[in-house]
Structures are given as C-alpha cells and as structure tokens.
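Close look at the chain arrangement
Residue strings, one per chain:
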Amino acid sequence: MFLDWRWLAVLCSVPPVIMALFMIFMPETPRYLISQNQRVEALSALSFLRGPDVDHEWEYRQIESSADQKEGSLKVADLWNPSIYKPFLIGILLMFFQQFTGINAIMFYADMIFEEANFKNSSLASVIVGLIQVVFTAVAALIMDKAGRKILLIVSGTIMAVSTTLFGVYFKIMEMHAKNASSVLPVTAMPDSTGEQLAWLPLASMALFISGEYSPIKASSVRVLDNLPV
C-alpha cells in the first residue's frame, strides 16, 4: 500500500538475510547428528535447544531408537504395502486438491478481483486477506492436533464451497444489473451504486475462502507424509 513494487521486493529480501545470519549460530538438528554418529555434537545440540535442566541422555536414546526403527530406503515394491501407499496417496491428493481449489490464482489476482468487484481500496482488501491468511494458518496449526484433521478438512471444504458460491452469486448479480442498466457497458462501468453497496460481499467471500483453505489441507498433507513408516 505504501511502497513501489520494486522497493517492496527489496524490503522482502531483509527477512531471509536476517534468517541466514541467525542460522549461523544454530546447531545442526540432533536427529541428523545422531544419524552421522556424532554423539557429543548431538548432546550439545540438545543442550542448546532444551536447556540445562532436561535429561539429554534420555532424549538422545529416544531419538536414536526412533532413527533405528525408520532406517531403510523406500523401494518401488514397498508401494504395494498398504501402510505405505495409503498415507502416501492421501498426502499427495491433499496437496493436489489444495492447489486445485485455485488458491494461487485468487491470491495472485486479488487486486484485480477486488477492482472488478468495485471495491474502493483493492490494496487494502489484499492486505486484509493476507492478514487473514497468517492468522488462520496459526490457528489451524494450534488446534489441529486437538480438533482432529478430519473434522477440520470437512469444515475447510464446506467453507471454501460456500465462499466460492457467494463469489459466483455476487458477479452474477453484477452481470445481470449491468445488462439491465445498459447492453453496452461492462460490469466495471455500471452507472449506479449497486457494486459499491455489495462491495463487502467479495471481501467477505475471499476472507471465508482464505480462512477455509489456510492451512488445514496443507498442514495435514505434510504431516501425513511426514509420518510414513520409512
């Protein structure tokens, strides 16, 4: 809202630089160090991450035992094993359907969508949508293990279906109103204030869609794949 896109790109380069600088002081993950038989370094990393008041030896043994159980590489023949192909397919399909909802197209063209919907400040609307995305991603991450993935995915799909339906209804109303007003003028050039009166509807629909999409599907698919027994 306040910067030219070129300066915005420069500004967006700052967080990765800060992250890279801080990562210099971070130890490698204990699981990786254990897999490389670096016991002293793994205990040091656990001490750094957990603090001095934790039984690092006990956690070291737990990680080591878990790593031993998951040793081995995935072979093509293993894909016939239900314990492999079922979670694998579920995770892949969740990712596919997340993209197939059209979330990227909606986010990329948010400004244009709001302009077509006669929203006065399309940039502000895009900022609101981005904030909703961040908030509901955090909410989903916090409640997922408590509420359960299945119920969240059902609620997520229902919310997205309702929101896209409302989107369609809004633009259908605008199209019909434009035809009644003039057979020549496009939707964005309607002479009356109907578009402004209903400008809240696309914003509400977009907010609903984002709250439903981010991030039960993405987090669930990643966690399903992460729990593959290999």
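None of the values given here were measured: they were computed from a predicted structure.

Attention now goes to the packing of aromatic side chains. All told, the structure shown has four aromatic pairs when counted by the stated rule. Here the aromatic rings of F96 and F100 are separated by 5.1 Å at their centres, their planes lie at 20°, and the arrangement is stacked. Note that F96 and F100 are positioned in helix 6 (residues 82-100) at a spacing of four residues, about one turn of the helix. Under the relative-accessibility criterion, F96 is labelled partly exposed at 43%. Judged by centre distance (6.1 Å) and plane angle (15°), the rings of F167 and F171 are stacked.

Looking now at the pattern of salt bridges. One pass over the full model with this rule turns up three salt bridges. Salt-bridge contacts for R39 lead to E57; the nearest nitrogen and oxygen are separated by 2.8 Å. Placement of R39 in helix 4 (residues 39-50) and of E57 in helix 5 (residues 56-69) is noted, with a sequence separation of 18 residues between them. Assessed through its relative accessible area of 38%, R39 is described here as partly exposed. Owing to a relative accessible area of 31%, E57 belongs among the partly exposed residues under this scheme. Among the ionic pairs, R50 bridges to E59, the shortest N-O distance being 2.8 Å.

About the thresholds
- Residues numbered from 1 in each chain as written.
- Predicted model: local features only at pLDDT ≥ 70, side-chain atom pairs only at ≥ 80, totals over all residues.
- Heavy atoms only, no water.
- Phe/Tyr/Trp six-rings, centres within 6.5 Å; stacked < 30°, edge-to-face > 60°.
- Helix = DSSP H or I, 4+ residues; strand = E, 2+ residues; numbered from the N terminus.
- Buried < 20%, exposed > 50% of the residue type's maximum accessible area, 1.4 Å probe, protein only.
- Salt bridge = Lys/Arg side-chain N within 4 Å of Asp/Glu carboxyl O.

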